[in-house]
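Results of the structural survey
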Amino acid sequence: MGDNIIKVRDDKEPIYFTSLGKEFKLSRNDQHVKWCSNNTFSELDLHERIEPWLTALFQSEHLSLLVGSGLTTAIQKVANNEANNGMCAFTPTSHYANQIKLKAAESAKETGRGNNPNCEDYIRIMNELLKGLEIMGDHNDEYTELKEEINKVINNFTKNISEIEHQIIFTAEDKRIEAFNTLVMFLMSFASRTGSRDRLNIFTTNYDRLIEAGADIAGLHLIDRFVGSLTPIFRSSRLDIDMHYNPPGIRGEPRYLEGVAKYTKLHGSIDWLSINRNIRKIALPFGTTDIDPYFKMPKYKLENCVQNVPDFSRIMIYPNSSKDRETAEYPYVELFRDFAAALCRPNSTLVTYGYSFGDEHINRVIYDMLTIPSTHLVVLSYDDPMNRIIDLCTNSGRLSQISLLIGNDVANINSLIKYYLPRPSIDRHTIHMAELLRQRYEQPDIIKKLNKEGESKDVDTFS
């Protein structure tokens with residue numbers, strides 16, 4: 001069993017510990033932790049230390065959740081006791097295969113994955129090569145061969161992502177119910193914010209629709225940039241659309257509806273298509289394994305479709321990290337603008353779950369956020385095999401603004417829901433208690449003095 005790591009509240013540095021069955025023990029002799037005796041503590045001790053802290057942070061003025069592939073992996077394991085990341089095996093065979101392999105290996109090495117490129121690396125490099133050939137006007141047989149290979153790898157990649165959805169929804173009924181209940185509990189721990197507070201912002205780098213499926217079950221309304229019903233279209237104009245209601249018998253301004261979140265898929269989705277120079281969301285059922293029929297839309301002519309062969313390069317997934325994509329890929333910059341605008345403002349908290357910190361564009365925004373003293377970053381991660389999270393803590397120079405829960409004993413999704421995440425309900429008493437704890441935590445000397453003198457104060461004294 002590897003080390004678990006936590007850093008919350010007044011911890012000056014990350015604390016490393018291992019599981020001994022029913023209790024935990026510090027794994028580094030040089031660490032001295034005031035809140036545990038004999039260097040051992042229980043899960044209840046962690047609960048009493050972590051849950052109130054996260055409850056207070058989750059009621060920050062601005063709250064954002066960044067979800068990576070770890071969430072999909074966690075739900076897969078609940079549903080099927082195993083998981084895959086959707087990365088299909090691929091070996092380029094076109095005229096430029098050797099150059100593609102070399103550059104893809106370099107790309108993998110830069111992100112800390114050694115010389116083992118995945119589908120995203122290949123798609124990124126092949127797209128850049130294709131763009132270069134288009135600029136040169138080199139539309140020869142090699143160009144056509146490369147374009148067909150890109151179409152093939154994106155098709156396989158998309159079907160692998162769909163297979164993940166399929167495995168989750170078509171597992172045994174009891175396991176499916178357990179998986180979606182777990183997903184709903186996780187999402188609502190973040191989305192249970194009163195209508196008087198700024199909306200939760202959910203960001204994800206995933207291409208699947210697991211969050212959308214969980215939101216549907218939970219009754220959580222997701223607001224994104226798409227407008228329309230049958231085939232929603234992506235709009236660059238960011239109107240401040242929200243959901244309100246009029247309480248019966250009450251006059252005045254409408255009140256915000258609870259259970260609403262803003263949603264952004266930073267790397268695109270398998271159900272986004274480029275259709276006639278617009279980005280549209282097609283009605284692709286969750287868990288379908290055959291995407292081909294959904295390309296045959298009678299009202300919209302798909303670009304570059306030859307002899308009824310679907311052009312899978314029209315699927316809007318963005319493993320490419322460049323920002324100069326044209327026409328079909330234009331939403332990329334808009335999505336990251338939303339991400340930066342949500343994070344980089346005072347009194348903002350960002351929670352990451354299952355994100356490996358392997359995307360430099362996302363990391364750069366997080367670094368910028370931490371330069372604002374009133375912001376806070378909470379990292380929930382099953383592991384940190386490449387030390388990216390610890391490197392972030394070290395390199396940012398803002399350790400006091402970072403909380404950590406890392407390890408398979410504390411950051412697996414079941415433990416998070418059972419012990420550490422706030423309960424998924426809008427409970428004004430819990431919110432008030434969180435505010436009280438926060439203010440008491442900020443003024444420990446006053447509280448110690450009051451306790452010593454035996455004075456009894458009303459709760460509102462500290463509110």
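Details of the structure are given in the entry above.
First, a word on what this report is: a plain description of the structure on this page. Model, not experiment: these values are computed from the prediction.

Quick word on helix 1 (residues 43-58)
- Helix length check: helix 1 (16 residues) gives 21 Å between terminal C-alpha atoms against 22 Å at 1.5 Å per residue, within 8%.
- Within helix 1, the full set of buried residues consists of Leu46, Arg49, Ile50, Glu51, Trp53, Leu54, Thr55, Ala56, Leu57 and Phe58.

A look at the side chain of Glu165
- Tracing the chain through its elements places Glu165 in helix 5 (residues 141-169).
- Look past the residues within four positions of Glu165 in its chain and what remains in contact with it is Asp208, Arg209, Ile270, Pro285, Phe286 and Gly287.

Topic: helix 6 (residues 173-191)
- Helix length check: helix 6 (19 residues) gives 26 Å between terminal C-alpha atoms against 27 Å at 1.5 Å per residue, within 8%.
- Among all positions in helix 6, only Ala179, Phe180, Thr182, Leu183, Val184, Phe186, Leu187, Met188, Ser189, Phe190 and Ala191 are buried.

With respect to the pattern of salt bridges
- Tallied over the entire structure, the rule returns 14 salt bridges.
- The shortest N-O distance in the salt bridge between Arg49 and Asp11 comes to 2.9 Å. Remark: Asp11 occurs in the loop between strand 1 (4-7) and strand 2 (15-19) and Arg49 occurs in helix 1; sequence separation between them is 38 residues. Considered together, Arg49 and Asp11 belong to a single accessibility category, that of buried residues.
- The salt bridge involving Arg209 is made with Asp271; its shortest N-O contact spans 3.3 Å. Residue Arg209 is found in the loop between strand 6 (200-204) and helix 7 (210-218), and its partner Asp271 is found in strand 13 (residues 268-275); the two are separated by 62 residues along the sequence.

The rules behind each value
- Residues numbered from 1 in each chain as written.
- Predicted model: local features only at pLDDT ≥ 70, side-chain atom pairs only at ≥ 80, totals over all residues.
- Heavy atoms only, no water.
- Helix = DSSP H or I, 4+ residues; strand = E, 2+ residues; numbered from the N terminus.
- Expected span 1.5 Å × (residues − 1).
- Buried < 20%, exposed > 50% of the residue type's maximum accessible area, 1.4 Å probe, protein only.
- Contact = heavy atoms within 4.5 Å.
- Salt bridge = Lys/Arg side-chain N within 4 Å of Asp/Glu carboxyl O.

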